[in-house]
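Fold and geometry: a report
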Amino acid sequence: MNTNFKNEIQIFGRSLLLPIAVLAPVGMVMGISSALGQSYMIEKLPFLGNDIFRAVLSSLGLISSVVFNNIPLLFAMGVAYGMSKKEKGIAVFASVVAYLTLLIAMHVHLKLTGTLAKDNLSLVGQGMVLGVQTLKIEALGGIIAGLMAAKITDRFYRLQLPLAFAFFSGKKSVAILAIAFSIPVGLIIPFIWDLFTAGMRAVSTIMMAPNIGAGIYMTLNRLLIPFGLHHVLSSTVRFTAAGGTYLIDGQTYVGILPAMNKILFELGPSHPAWKEFMPTLTSYLASSQMLTTLFRVPAIGLAMYHMAYFKNKKFAKGMILTVVLTAMLGNITEPLEFSFLFIAPKLFIIYAVLCGLLTIPLQILEVSIGYIRGTIFDFGIFGLMYENTHWVNLILLGIVNFVVFYFVFRFAINKFDIKTPGRESEMADSTLLNNKEYDKVAEMVIQGLGGKENIKRVENCVSRLRIDLQDQKKISMDVLKESGSLGTFIPSNNHVHVVFGPHVEFVRNAVDDHLAGAK
């Protein structure tokens, strides 16, 4: 695969995290307000039926719903921001203009071809979006608009026009060109939409196969983590026909997340759609993630601690506890996964396969715990506060997962002398990170990457720095390790990932300051 293309795909995957990061906490607010408003909760806690409480809960749900009603727009802005290399603010503005133009251009196509539906819009894939009756392409429309806006911005933000039109030169030209490019794209999309959805449905026959589909998805998701492409896979299943098409109360929902939003936040556990669809939907989202964050990661961490050398146990305990809590409280599993990925890649493959195999029983056990994330907080909100979630079955399956992963990892670490945390002759020191001395960490990171002049571009995702370099031969792995990083790897030529877990955002800011000469 072409290196530049590969890097672009990784950046694209990372750009999808921005809107997802908004959906997660807003979803928790909606989950709480929806759960407390259910009739069975009011029966248990009569004060919830008080007019004031009901008004507060319904208001919270209504305010939160504005985010879910505009998911495509969020993706347009997020992708434009993440993919653009220059003038990100202009790119975000242009993405909104491009998305609005796409909507009306598709409306014009439907009107000119006589296919604009007059009723039962959802049955023909149409709907009202921001006041426009158009083709319902959901988040994909926002992604297309965001990609166009990013590319147009980077290409034309310094455009020079003749003096008579100089007012429209430069940054002002970007939004105008976004309209110009979006019109033909919007007119073409309806022609190819049927072919695209047919292709996605073909993918869904594998990815959404009863019971085993969730296992296949989870294995692929884990295997793509080293390349930073798991976000692309997740978004494909969540927002396209690859994640299935669901008819709920006469409305068609494409992808896992729109269907989940409808059932979880509007219809509730008493609706027939809950029993019919939730075990499937949640097995690709929170339920499967909870198996990893709440059971598999702690099991692996315990195995690593038990196999650590006695002299290193005290230090290993602190480090392992940190990465385990990062998963349980923050839904970030990469710090622990990277601790053995590079030193034992075959074990990582076994780990990914086991994750898939032990995800399969979720649907059979009818576990129905939403939403996106797999933290202990999400378990409390979406598992315990809702009825018909079968949360006990998740715990029972989780215990099985814990036992399997603990003994597999303990055996492998001992048998093959894998240098997991606590088994190295020299342990990485995370004192600087724990003390939040990010300026010193940044200095060491820059030094380990070959100095300022060797660094072309710095980005980050939820757990790692992603840096483009002039010459990767100048990297000093020892210095990067001394900075407190949990791992360093080079997925493509002159592109390096340095793992800092939940500290990554602060390290990135400090690195940016040093590169800009602010420190």
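Residues numbered from 1 in each chain as written. Predicted model: local features only at pLDDT ≥ 70, side-chain atom pairs only at ≥ 80, totals over all residues. Heavy atoms only, no water.

A few words now on the overall build of the chain. Helix and strand content of the chain: 23 helices and eight strands. Scaling as 2.2 N^0.38, a compact globule of 519 residues should have a C-alpha radius of gyration of about 24 Å, and the chain matches this with 24 Å. Overall, the chain is about 75 × 70 × 45 Å in size when its C-alpha atoms are taken along their principal axes. Counting only residues that meet the buried cut, the chain has 55% of its 519 residues in that class. Nonlocal contacts in the chain, meaning residues at least 24 apart in sequence, comprise 72% of its contacts between residues at least 6 apart. As displayed, the chain has an accessible area near 23,100 Å², and 65% of this comes from carbon and sulfur atoms. Averaged over its 43 positive side-chain charges, the chain has a centre that lies 4 Å from the centre of its 32 negative ones. (Helix = DSSP H or I, 4+ residues; strand = E, 2+ residues; numbered from the N terminus. Rg over C-alpha atoms; globule rule 2.2 N^0.38 Å. Buried < 20%, exposed > 50% of the residue type's maximum accessible area, 1.4 Å probe, protein only. Contact = heavy atoms within 4.5 Å. Areas by Shrake-Rupley, 256 points an atom, 1.4 Å probe, with all protein chains shown as cover. Lys, Arg positive; Asp, Glu negative; His and termini not counted. Charge placed at Lys NZ, Arg CZ, Asp CG, Glu CD.)

Moving on: the sheet that holds strand S6 (residues 464-469). Here we have four strands laid out as an open sheet, ordered S5-S6-S8-S7, and antiparallel in their pairing. The sheet is open, and its two borders are formed by strand S5 (455-460) and strand S7 (487-492), each paired with just one other strand. Neighbour to neighbour, the strand axes of the sheet diverge by 25 degrees on average, direction disregarded. Looking at chain direction, S5 and S6 are connected through five bridges and run antiparallel. Opposite Val 458, over in S6, you have Ile 467 as the bridge partner. (Pairing = 2+ DSSP bridges. Axes fitted to C-alpha atoms, helices over the stretch in contact; angles between N-to-C directions.)

Every α-helix carries 3.6 residues per turn, so stepping three or four residues along brings you back to the same face. For helix H9 (residues 212-223), spanning twelve residues, the distance from its first C-alpha to its last is 17 Å, which sits close to the expected 16 Å at 1.5 Å a residue. Turning to H9, its buried residues are Gly 213, Ala 214, Gly 215, Tyr 217, Met 218, Thr 219, Asn 221 and Arg 222. Against the buried residues of H9 lie helix H8 (171-207), helix H10 (230-239), helix H13 (286-307), helix H15 (334-341), helix H16 (345-357) and helix H17 (361-364). (Expected span 1.5 Å × (residues − 1).)

We now examine a nonpolar patch on the surface. Together, Leu 384, Trp 391, Val 392, Leu 396, Ile 399, Val 403 and Phe 407 make up an exposed nonpolar region whose accessible area comes to about 650 Å². Of the residues forming the nonpolar patch, the biggest block, six residues, is contributed by helix H19 (residues 391-415). Here Val 392 lies in helix H19. With relative accessibility at 41%, the residue Val 392 sits in the partly exposed group. (Patch = residues over 30% accessible without salt bridge, like charges linked within 9 Å, V, L, I, M, F, W, Y side chains within 5 Å. Salt bridge = Lys/Arg side-chain N within 4 Å of Asp/Glu carboxyl O.)

Pairing of strand S1 (residues 126-129) with strand S2 (residues 132-135) involves four bridges; the strand directions are antiparallel. In the sheet register, Val 129 faces S2, and the bridge partner there is Val 132. Taking the residues that link successive antiparallel strands as the turn, the S1-S2 hairpin has two residues, and the phi of Leu 130 there is positive, at about 50 degrees.

The next subject is the pattern of salt bridges. Applying the stated rule across the entire model yields eleven salt bridges. We note a salt bridge from Lys 171 to Glu 87, for which the minimum N-O separation is 3.5 Å. Residue Lys 171 is found in helix H8, and its partner Glu 87 is found in the loop between helix H5 (71-83) and helix H6 (88-112); the two are separated by 84 residues along the sequence. The exposure class of Glu 87 is partly exposed, given its relative accessible area of 31%. With a closest N to O distance of 2.8 Å, Asp 512 and Arg 508 form a salt bridge. Linking Asp 512 with Arg 508, this pair stays in helix H23 (residues 504-516), spanning four residues, or about one helical turn. With relative accessibility at 16%, the residue Arg 508 sits in the buried group. Members of the salt-bridge network, linked through shared partners, are Arg 457, Glu 459, Arg 508 and Asp 512.

We now examine the environment of Val 404. By the element assignment, Val 404 lies in helix H19. Looking at Val 404, the relative accessible area reads 27%, which means it is partly exposed. Setting aside its immediate chain neighbours within four residues, Val 404 contacts Leu 354 and Leu 358.

The phi angle at Leu 130 is positive, at roughly 50 degrees, despite the residue not being glycine. Mapping Leu 130 onto the fold places it in the loop between S1 and S2. Of the residues examined, Leu 130 reaches a relative accessible area of 46% and is grouped as partly exposed. We note that Asn 494 has phi near 60 degrees; this positive angle belongs to a residue other than glycine.

Quick look at the environment of Phe 227 now. Structurally, the position occupied by Phe 227 is in the loop between H9 and H10. By relative accessible area, which is 37% here, Phe 227 ends up partly exposed. Taking the C-alpha atoms as reference points, Phe 227 and Asn 7, separated by 220 residues in sequence, lie 9.4 Å from one another.

Moving on to the packing of aromatic side chains. Overall, the coordinates contain 20 aromatic pairs when judged by the stated rule. Ring geometry for Trp 274 against Tyr 386: centres 5.8 Å apart, planes inclined by 20 degrees, an arrangement best described as stacked. Taken together, the residues Trp 274 in helix H12 (residues 272-282) and Tyr 386 in the loop between helix H18 (376-384) and H19 connect sequence positions 112 residues apart. By relative accessible area, which is 2% here, Trp 274 ends up buried. Cluster of aromatic residues (ring-pair linked, three or more members): Phe 265, Trp 274, Tyr 371, Phe 382 and Tyr 386. Here the basic side chain of Lys 88 rests over the ring of Tyr 81, its NZ or CZ set 5.0 Å away from the ring centre. A cation sits over an aromatic face here: Lys 172 above Phe 167, 4.9 Å from the ring centre. (Phe/Tyr/Trp six-rings, centres within 6.5 Å; stacked < 30°, edge-to-face > 60°. Lys NZ or Arg CZ within 6 Å of the ring centre and 35° of its normal.)

What follows is about the packing of helix H7 (residues 138-156) against H8. Taken N-terminus to C-terminus, the directions of H7 and H8 make an angle of 145 degrees; their axes are 10 Å apart at the nearest point. Note on packing geometry: the crossing formed by H7 with H8 is right-handed. Across from Leu 140, Ile 144, Met 148, Ile 152, Thr 153 and Phe 156 in H7, the residues of H8 making contact are Ser 173, Val 174, Leu 177, Ala 178, Phe 181, Ser 182, Val 185, Ile 189, Trp 193 and Phe 196. When the residues that make up the contact of H7 with H8 are grouped by side-chain class, the tally is 13 nonpolar, three polar and no charged. (Left-handed = near helix turned anticlockwise from the far one by under 90°. Nonpolar A, V, L, I, M, F, W, Y, C, P; charged D, E, K, R; others polar.)

Within the secondary structure, Ile 475 sits in the loop between S6 and helix H22 (477-482). Beyond its immediate chain neighbours, meaning those up to four positions away, Ile 475 contacts Gly 448, Leu 469, Leu 480, Ile 490 and Val 496.

What follows covers H6. With 25 residues, H6 extends 36 Å between its outermost C-alpha atoms, agreeing within 8% with the 36 Å of an ideal straight helix rising 1.5 Å per residue. One or two positions beyond H6, positive phi appears at Gly 114, with a value near 70 degrees.

Of the two faces of strand S3 (residues 245-248), the one lined by Tyr 246 and Ile 248 is fully buried and the one lined by Thr 245 and Leu 247 carries no buried residue. Hairpin connection of S3 to strand S4 (residues 251-254): two residues between the antiparallel strands, including Asp 249 at a positive phi of 50 degrees.

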